[in-house]
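# Report on the structure
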Number of protein chains: 2
Amino acid sequence: MNRELLILGLLRGWDTHGYQLVDFLEKRLAYLVDLKKPTTYALLERLRRDGHVTMTVEREGNRPERRVYQVTSEGEAYFFRLLRENLRSFARPRFPNAIGIYFIQALPSEEAEALLNERLSALEEELQEFEPKVPAHAGLAAEPVLQHYVVHLQAERTWLTSLLRTLVEAHRQRSLPTEAAE
Amino acid sequence: MNRELLILGLLRGWDTHGYQLVDFLEKRLAYLVDLKKPTTYALLERLRRDGHVTMTVEREGNRPERRVYQVTSEGEAYFFRLLRENLRSFARPRFPNAIGIYFIQALPSEEAEALLNERLSALEEELQEFEPKVPAHAGLAAEPVLQHYVVHLQAERTWLTSLLRTLVEAHRQRSLPTEAAE
DNA sequence: GGGCGCATGTAATGAGTTACATGATTGA
DNA sequence: TCAATCATGTAACTCATTACATGCGCCC
């Protein structure tokens, strides 16, 4: 549903073909969606079948043909329906990475710390890629989606470093000489 | 994979049956995962088939039988493998709600504002449910997963209200008397 | 007696992934 | 000449959802 919204939205005012679309999704929107190649092609075909887009075949010289898609007026209406629904609703975000945190006490805090430090590194890398793209106080100039992503990455970093501090304290306390029995 | 981690982790030290597990997932972990009933049952069966858990049948009086699961030592090992992997890695979080934001300019800013205000209300409700469960500076006492969720809800609220401000400014400017041609 | 809670699923369907297939052109 | 890029997919599979099925006990 949201994937349809995305593709339809991209196709509005950008008549393009599957290959180019896949390329764009992988190179520019990887932070937003993870759409595999066959899924994208299948989605285009489904949109066509349902009358939301039409398809015309192009070819340049002897290169493979291109199936170029255009949004129909039904597709236009459908797009706005999906868009309004998407903007209106709040859907719980899902953090698959959070599930491990639920069981963090199953590991000795030293190991947990080491593992989460690895995670932190990866997160910092991600931030280095995306933070520069969103100058602070950019208003609507910088795309708000990017801003949204960066804001959450930063929240994640804050939370993660604070959790790491707690863990370090946990094993620092344990390693103190025990004067009284527990 | 992460769902297996979750179920296996819950089953460690809590021998329980499908019905009770489903109940717990729905009532207490709805913010963390969305696991439907048949999926959960199927997952339990798969874990059993793969030797990660064993199953024993119980029954009280004339009530329907209960299939109670216990984690095996292979399951134990598998759990730790999954847990380490989950803690170590950073996976991009996905925000299906963000896709609409990408196309926000397709709507007049007044309408976008109205829609996003609806979203904000839903978000505030969610916060009212979860914020009280996580007193600030709770360390490892409050479950860190809950803390994680709340942190992101708060980040979302901050971002959303700032976006709304920008939108309001956008149409306030437009409604000013135009002195010069554009 | 009617509905909810307990306790288990199955069957049909849909959505998405992985691996594979094809064949031309372009650049090193 | 070899690999990468352009451009399209299909087939087999897994994973998950929705809707349906069953039957007892308990409470109003």
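Please refer to the structure placed before this passage.
A short tour of the structure in this document, coming up. (Residues numbered from 1 in each chain as written. Chains lettered and ligands numbered in written order. Predicted model: local features only at pLDDT ≥ 70, side-chain atom pairs only at ≥ 80, totals over all residues. Heavy atoms only, no water.)

### A short note on the pattern of salt bridges
This is how it is decided: Within this document, salt bridges are pairs made up of a side-chain nitrogen of Lys or Arg and a carboxyl oxygen of Asp or Glu, the two lying within 4 Å of each other. By definition, any uninterrupted DSSP run of H or I lasting at least four residues is a helix, any uninterrupted run of E lasting at least two residues is a strand, and each is numbered from the N terminus. Remark: exposure states derive from per-residue accessible area (1.4 Å probe, protein chains only) relative to the maximum for the residue type, with buried under 20%, exposed over 50%, and partly exposed in between.
Counted by the stated rule, this structure contains 26 salt bridges over all chains. Among the ionic pairs, Glu111 of chain B bridges to Arg84 of chain A, the shortest N-O distance being 2.3 Å. Here the residue Glu111 of chain B occupies a position in helix H6 (residues 109–130), and Arg84 of chain A occupies one in helix H4 (residues 73–88), the pair thus bridging two chains. Arg84 of chain A sits in the partly exposed class, given a relative accessible area of 29%. Between Lys36 of chain B and Asp34 of chain B there is a salt bridge whose closest N-O contact spans 3.1 Å. One network of salt bridges, in which partners are shared, links Glu85 and Arg88 of chain A together with Glu118 of chain B.

### A short note on the protein's contact with DNA strand D
For the record, the criterion: Summary of the distance rule: residues count as near a molecule or strand when at least one heavy atom falls within 4 Å of that molecule or strand. Any pair of N or O atoms that falls within 3.5 Å is considered a polar contact. Within protein, one atom must be able to donate a hydrogen and the other to accept it, and sequence-neighbouring residues count only if both atoms are side-chain atoms. Side-chain classes are defined by residue name, with Ala, Val, Leu, Ile, Met, Phe, Trp, Tyr, Cys and Pro counting as nonpolar, Asp, Glu, Lys and Arg as charged, and the others, Gly among them, as polar.
By nearness alone, 19 residues border DNA strand D, and Tyr19, Tyr41, Arg66 and Arg67 of chain A together with Thr39 of chain B come closest of all. Taken together, the sugar and phosphate atoms account for 75% of what DNA strand D places within 4 Å of the protein. The contact in question runs from a phosphate oxygen of DNA strand D to an N or O atom on the side chain of Tyr41 of chain A, over 2.8 Å. Between DNA strand D and Thr39 of chain B there is a distance of 2.5 Å, counted from a phosphate oxygen to a side-chain nitrogen or oxygen. Broken down by secondary-structure element, the contributors of at least two residues to the surface near DNA strand D are helix H2 (18–28), helix H3 (37–49) and strand E3 (66–71) of chain A together with helix H3 (37–49) of chain B. Its residues placed into classes, the surface near DNA strand D shows six nonpolar, four polar and nine charged.

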